[in-house]
Amino acid sequence: MPESLALGQPSGIQHHASWVRISHWTVTISLITLAFSGFVILMAHPRLYWGEVGNGLTPALLELPISRNHQHSGWDPPRPFFSDAAGPVTANRTYRIFNQNGWARSLHFLAAWCLLLPGAGYLLTGIFVGHFRTHIWPKRKELAPQRVWRDVVDHVRLRIPPASSGPHYGVLQKCVYSLVVFVAAPLMLISGLTMAPAVTASIPSLLHLFGGYQSARTIHFFTFVALLLFVFVHVGMVIKSGFRRQIRAMTVGE
């Protein structure tokens with residue numbers, strides 16, 4: 001059954017359902033909180049690794065110069081923990097580091113649940129009422145190469161149609177929204193939960209899935225960057241297509 005009829009709306013007039021609007025703004029607030037707190041956490045250790053472990057004395061996959069903590073060369077000579085020189089080593093930094101991120105970690109974990117719970121509700125409701133089938137998943141005829149290419153060219157040239165009052169999406173929008181809802185967002189959440197020892201103690205298979213804590217952290221970072229890029233482009237398209245009408249459609253449903 002089409003979502004508009006299931007929700008009691010007249011046929012041919014489709015607005016964003018109330019549960020879609022509530023989910024949208026709840027997720028928006030959660031993402032902003034996650035971005036802010038995540039940046040503070042990253043400032044404390046702006047280095048990414050691959051594998052099980054990583055610290056300031058091991059080679060990094062990527063270093064981000066976003067705080068003074070990325071200056072990893074300021075160390076006293078390393079000393080072995082044990083008599084075996086091949087074992088783990090320790091060293092003291094020769095400079096003060098930024099390490100005031102305990103509040104950010106707590107806020108980040110709280111915001112993650114505020115994203116996970118409404119996100120799961122959106123996903124289950126969307127499947128149950130046919131929202132994804134009707135509005136998000138592209139139809140087979142829409143995936144014709146000529147039609148996809150025409151939509152890509154229109155977006156590159158900023159030929160964006162005026163906003164409507166409901167979920168009327170082009171094929172490129174449908175493809176991107178599908179990737180965000182069913183790939184990027186779940187990957188970001190699951191990789192983030194994998195970094196929580198309390199979660200991996202209950203579900204140790206997550207560590208094997210991602211190849212270790214540091215691999216999960218790196219995947220989490222790049223996935224969130226991709227989502228942030230999506231948000232920036234999304235906001236730009238909203239402004240280009242008619243900011244006031246889009247905001248009214250996603251707030252009061254008009």
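Up top is the structure these notes are about.
About the criteria used
Residues numbered from 1 in each chain as written. Predicted model: local features only at pLDDT ≥ 70, side-chain atom pairs only at ≥ 80, totals over all residues. Heavy atoms only, no water. Core = buried A, V, L, I, M, F, W, Y, C linked by side-chain atoms within 4.5 Å. Buried < 20%, exposed > 50% of the residue type's maximum accessible area, 1.4 Å probe, protein only. Helix = DSSP H or I, 4+ residues; strand = E, 2+ residues; numbered from the N terminus. Contact = heavy atoms within 4.5 Å. Patch = residues over 30% accessible without salt bridge, like charges linked within 9 Å, V, L, I, M, F, W, Y side chains within 5 Å. Areas by Shrake-Rupley, 256 points an atom, 1.4 Å probe, with all protein chains shown as cover. Salt bridge = Lys/Arg side-chain N within 4 Å of Asp/Glu carboxyl O. Lys, Arg positive; Asp, Glu negative; His and termini not counted. Charge placed at Lys NZ, Arg CZ, Asp CG, Glu CD. Phe/Tyr/Trp six-rings, centres within 6.5 Å; stacked < 30°, edge-to-face > 60°.

Chemist: Give me the lowdown on the nonpolar core, citing residues and values where you can.
Modeler: Grouped together as the largest cluster of nonpolar side chains are 11 residues: L31, L34, A111, A112, L115, V180, A184, M188, L189, F224 and L227. Contributions of two or more residues to this core are made by α2 (18-44), α3 (102-129), α6 (171-194) and α9 (213-251). Residues contacting A111, with those up to four places away along its chain left out, are S30, T33 and L34. Listed in part, the nine residues of the second largest apolar core include A17, V20, V129 and Y177.

Chemist: Give me a nonpolar patch on the surface: which residues, what numbers.
Modeler: Together, I127, W137, L179, F182 and V183 make up an exposed nonpolar region whose accessible area comes to about 450 Å². The dominant element in the nonpolar patch, judged by the number of residues it contributes, is α6, at three residues. Within the element layout of this structure, W137 appears in the loop between α4 (131-136) and α5 (145-156).

Chemist: Run through a positive patch on the surface, naming residues and quoting values.
Modeler: Together, R133, K139, K141, R147 and R150 give the surface a local cluster of positive charge. Judged by its relative accessible area of 45%, R133 is partly exposed.

Chemist: Before we move on, can you summarise the environment of R105 with the specific residues and values?
Modeler: When you line up the elements, R105 lands in helix α3. By relative accessible area, R105 is classed as partly exposed at 49%. Measuring from C-alpha to C-alpha, the distance between R105 and V40 comes to 8.6 Å, with 65 residues separating the pair along the chain.

Chemist: Provide a residue-level description of the packing of aromatic side chains, including the pertinent values.
Modeler: For the coordinates displayed, the defined rule picks out 10 aromatic pairs. Ring centres 6.0 Å apart and planes at 90° place the aromatic pair Y177 and F230 in the edge-to-face group. Taken as a pair, Y177 in helix α6 and F230 in helix α9 lie far apart in primary sequence, 53 residues in all. Look at F221 and F222: their rings are 5.2 Å apart centre to centre, the planes differ by 75°, and that puts the pair in the edge-to-face class. Ring pairs connect the aromatic residues W19, Y122, F132, W137 and F182, which therefore count as one cluster.

Chemist: Residue-level account of the pattern of salt bridges, with values.
Modeler: Applying the stated rule across the entire model yields three salt bridges. A salt bridge links R47 to E63, with the shortest nitrogen-to-oxygen separation between them at 3.6 Å. Here R47, found in strand β1 (residues 47-48), pairs with E63, found in strand β2 (residues 62-63); they are 16 residues apart in sequence, far enough to count as distant.

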